Amino acid sequence: MLTGIDRKNVISSLNRSKLPDYWGDYFAYEKDTELNTLTQTALQKVIEETSIMPKPYIDSKIAISDILTDLGPKSTFHRQFNKRHPDLHKEQVLGMQLYKLIVEDTKNTWVFFETHHLGHVFPNATYFIP
């Protein structure tokens, strides 16, 4: 589950009808079961390992970068992603996948905090368990 820094509302599922249009990129990727399962497994591992730490904290930019780096020599993920989804950005799609998985986490309520770095088109997300 997910809440904002003010902890007023808790989100436990995605309401697809209320998401911005760019989420369509993630939903297109979600249909690619082979690649989606590969990254979902890696992201789920990050969520599970982080949740048991004394101060659980996920910086999406770092987590996704580490996963993409790790997938490089171990699989053909990058080549397949670029071939199957030439108009999508891996980092953005995996960021949405991470968000979705955290929303669906029934064990913990994560706090979401958005950071927007100068010169970056999209914000980065950080998640923590208080």
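Within each chain, residues carry numbers counting from 1 in the order of the written sequence. At least 70 in pLDDT is required for a residue's local features to be given in this predicted model, at least 80 for side-chain atom pairs to be given and counted, and no such filter applies to totals for whole chains, interfaces and linings, which use all residues. Heavy atoms from the whole structure form the basis of all side-chain values; hydrogens and water molecules are not counted.

Q: Lay out the overall build of the protein in plain terms, naming residues and giving numbers.
A: Strands are runs of DSSP state E lasting at least two residues, helices are runs of H or I lasting at least four, and both sets are numbered from the N terminus onward. For the protein, the helix and strand inventory stands at 5 helices and 5 strands. Written out in order from the N terminus, the α and β elements of the protein read β-β-α-α-β-α-α-α-β-β. As a reference, a globule follows 2.2 Å times the number of residues to the power 0.38, and the radius of gyration itself is taken over C-alpha atoms. Taken against the 2.2 N^0.38 rule, which gives 14 Å for 130 residues, the C-alpha radius of gyration of the protein at 15 Å falls within 12% of a compact globule. Taken over the C-alpha atoms alone, the protein extends approximately 40 × 35 × 30 Å along its principal axes. Type-normalised accessible area, obtained with a 1.4 Å probe on protein chains alone, sets the label of each residue: buried when under 20%, exposed when over 50%, and partly exposed for intermediate values. For the protein, buried positions account for 39% of its 130 residues.

Q: Would you mind going over the packing of aromatic side chains in detail, with residue names and values included?
A: For Phe, Tyr and Trp, rings pair up if their centres lie within 6.5 Å, where Trp contributes its six-membered ring, and each pair is then called stacked (planes under 30 degrees apart), edge-to-face (over 60) or tilted (otherwise). Inspection of every chain in the model, using the stated rule, returns 9 aromatic pairs. Between W23 and F27, the ring centres sit 5.9 Å apart and the planes meet at 35°, which makes this aromatic pair tilted. Of this pair, W23 and F27 are both found in helix α1 (residues 23-30), 4 residues apart, which corresponds to roughly one turn of the helix. Judged by relative accessible area, W23 falls into the buried class, the value being 5%. You can call F27 buried: its relative accessible area is 14%.

Q: Which residues make up helix α4 (residues 77-84), and what values go with them?
A: Residues lying three or four places apart along an α-helix face the same way, a consequence of the helix completing one turn every 3.6 residues. Of the residues making up α4, those classed as buried are F77, Q80 and F81. Angular distribution of buried residues about the axis of α4 spans 100°; they occupy a single face of the element. Across from the buried face of α4, at angles greater than 90 degrees, the exposed residues are R79 and K83. Here a residue-residue contact requires only that any non-hydrogen atoms of the pair lie within 4.5 Å. Looking at the packing, one finds that the buried side of α4 touches α1, α2 (33-51), α3 (60-74) and α5 (90-103). This arc corresponds to the set of directions leading from the helix axis out to the C-beta atoms.

Q: Help me get a handle on unusual backbone geometry, residues and values and all.
A: For residues other than glycine, phi is negative in most cases, and the peptide bonds are mostly trans. Backbone geometry at R7 places phi at a positive 60°, although glycine is not the residue there. Considering the arrangement of structural elements, one finds R7 in the loop between β1 (2-4) and β2 (10-11).

Q: Go over the confidence of the model for the protein with me, naming the residues and quoting the values.
A: Averaged over every residue, the pLDDT of the protein is 93; the share at 70 or more is 97%. Mean pLDDT across the secondary structure elements of the protein bottoms out at strand β4 (residues 110-115), with 90, and peaks at α2, with 97. pLDDT measures how confident the predictor is about each residue, on a scale from 0 to 100.

Q: So what's going on with the sheet that holds β2? Which residues, and what values?
A: A pair of strands is treated as paired once DSSP finds two or more bridges between them. One open sheet accounts for 5 strands, arranged β2-β1-β4-β5-β3; its pairing is mixed. Looking along the sheet, the strands with just one partner apiece sit at the ends: β2 and β3 (57-59). Inspection of the sheet shows β1 paired to β2 by 2 bridges, in the antiparallel sense. In the strand pairing of β2, L2 is matched with I11. Of the strands in this sheet, β3 and β4 are in contact with α2, which crosses β3 at around 145°. Angles here are taken between N-to-C directions and fall from 0 to 180 degrees, while the axes themselves are lines fitted to C-alpha atoms, restricted in helices to the stretch in contact.

Q: Which residues make up the nonpolar core, and what are the values?
A: In this structure, Y29, I58, I102, W110 and Y127 are the most contacted members of the largest nonpolar core, which totals 30 residues. Broken down by secondary-structure element, the contributors of at least two residues to this core are α1, α2, α3, α4, α5 and β5 (124-128). With 8 residues, the top contributor of residues to this core is α5. Side-chain atoms within 4.5 Å link the members of a nonpolar core, which is a set of buried Ala, Val, Leu, Ile, Met, Phe, Trp, Tyr and Cys residues.

Q: Account for the environment of T69, naming residues and giving values.
A: Along the chain, T69 turns up in helix α3. At 2.8 Å, the side chain of T69 and the backbone oxygen of S65 are in polar contact. In protein, a polar contact requires one atom able to donate a hydrogen and another able to accept it; more generally it is a pair of N or O atoms within 3.5 Å, and residues adjacent in sequence count only if both atoms are side-chain atoms.

Q: How would you explain the side chain of K100 if you had to name every residue and give the values?
A: With respect to the helices and strands, K100 occurs in helix α5. K100 sits in the buried class, given a relative accessible area of 14%.

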